[in-house]
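# Breakdown of the fold
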Amino acid sequence: LILLACGSFNPITNMHMRLFELARDHLHQTGQYQVIEGIVSPVNDDYGKKGLVSAGHRIAMAKLALETSDWIRVDPWESEQETWTETVKVLRRYVVRGVRREEILGIMNSMVYTEPLQNSGIITGMFLSRKKKTNLENLSFSLVFPVLPELKLLCGADFLQTFRTPNLWKEEHIKEIVEKFGLVCVSRAGSDPAQYIRESDLLAEFQHNIFLVKEWIQNEISATQIRYALCRGLSVKYLIPDSVISYIAHHNIYTEESERKNEGDLLQPLKLH
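In every chain, residue numbers begin from 1 and rise along the written sequence. Where totals are concerned, whole chains, interfaces and linings use all residues; where local detail is concerned, this predicted model gives features only for residues with pLDDT of at least 70, and gives and counts side-chain atom pairs only at 80 or more. As a convention, hydrogens and water are excluded, and side-chain values are obtained from all of the structure's heavy atoms.

Before going further, it helps to examine the packing of helix H2 (residues 55–65) against helix H12 (residues 242–251). An axis is simply a line fitted to the C-alpha atoms; with a helix, the fit covers only the stretch in contact. Between two such axes, the angle follows the N-to-C directions and lies from 0 to 180 degrees. Runs of E in the DSSP output that reach at least two residues are strands. Runs of H or I that reach at least four are helices, and both are numbered from the N terminus. Interaxial distance between H2 and H12 falls to 8 Å at its minimum, and their mutual angle equals 150°. Accordingly, the angle class assigned to the pair H2 and H12 is roughly antiparallel. Crossing hand, H2 versus H12: right-handed. Across from Gly56, His57, Ala60, Met61, Leu64 and Ala65 in H2, the residues of H12 making contact are Ser243, Val244, Tyr247, Ile248 and His251. Geometric relationships in this document are graded by angle, where less than 35 degrees denotes roughly parallel, more than 145 denotes roughly antiparallel, 65 to 115 denotes roughly perpendicular, and other angles denote oblique. Two helices that cross are described as forming a left-handed crossing if the nearer one is turned anticlockwise from the farther one by less than a right angle, and a right-handed crossing if clockwise. Residue contacts are defined here by distance: any two heavy atoms, one from each residue, within 4.5 Å place the two residues in contact.

This is how it looks when you write it as structure tokens:
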């Protein structure tokens, strides 16, 4: 299974990265999935959100933040398009494009197993020794992946609330996301994702494809609050990686002027609908 997170990442925070770790633990504990990759997809500049700094900076900061991860990467494709791309189209891209054989083999060769990955669709019934990894290049691709990995959208639980914002989402897009892909939602303090699902006929219909992950160690790091702190010259150490703090300081990214960017503008999806 592959986890995809779309969003502003303005800037990427430790909480953004924790979402991936929490989701992977939860899915592994179900015994039904093996998460092989996480993907961060920063939104296009044309989205029009207040205070959104350039994608070039947001991509660079995300790459710095994820240097220590061996399974999460940044994909700049969405941010490089001529205009804002609807989330469902970003998801479709991975299905149409598929996962290239060399990418899968690279991921698999970097992993070490001590027991078979049952029910995961990945090298069923075989394992790699801790002492000696098997080179997968010589294996049949169908043996490595009898089926292509599933793709699910990773988000904070308050993301479900946005489905109720008038004109922000097309109903058919919500249906396609929850029916064909699925959601992995990590809870935040004050949010009740189960209630959001109960109050929506569409979400309730496909609730079997919505995974709710409890964050037992509450962590309310907000990118918005981090930007406010930076504008005031306050410390954000231990809230975002040191490498990102250095990058922000070097390029003087978050200022009172940057926070006024797109002020008063409608978000792109609201303009289109």
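Looking now at the pattern of salt bridges. Basic side-chain nitrogens of Lys or Arg form a salt bridge, by our definition, when they fall within 4 Å of a carboxyl oxygen of Asp or Glu. Inspection of the entire model under this criterion finds 12 salt bridges. For the salt bridge of Asp75 with Arg93, the shortest nitrogen-to-oxygen distance reads 3.0 Å. Here Asp75 is found in the loop between strand S3 (72–74) and helix H3 (77–80), whereas its partner Arg93 is found in helix H4 (residues 87–97), with 18 residues between them in sequence. The burial state of Asp75 is the same as that of Arg93; both residues are buried. The partner of Glu259 in a salt bridge is Arg227, with the nearest N and O atoms 2.6 Å apart. Residue Glu259 is found in helix H13 (residues 256–259), and its partner Arg227 is found in helix H11 (residues 223–231); the two are separated by 32 residues along the sequence. In this structure, Glu259 and Arg227 share a single accessibility class: buried. Through salt bridges with shared partners, a single ionic network connects Glu86, Lys89 and Lys170. For every residue, the accessible area (1.4 Å probe, protein chains only) is compared with the maximum for its type, and the residue is labelled buried under 20%, exposed over 50%, or partly exposed between those bounds.

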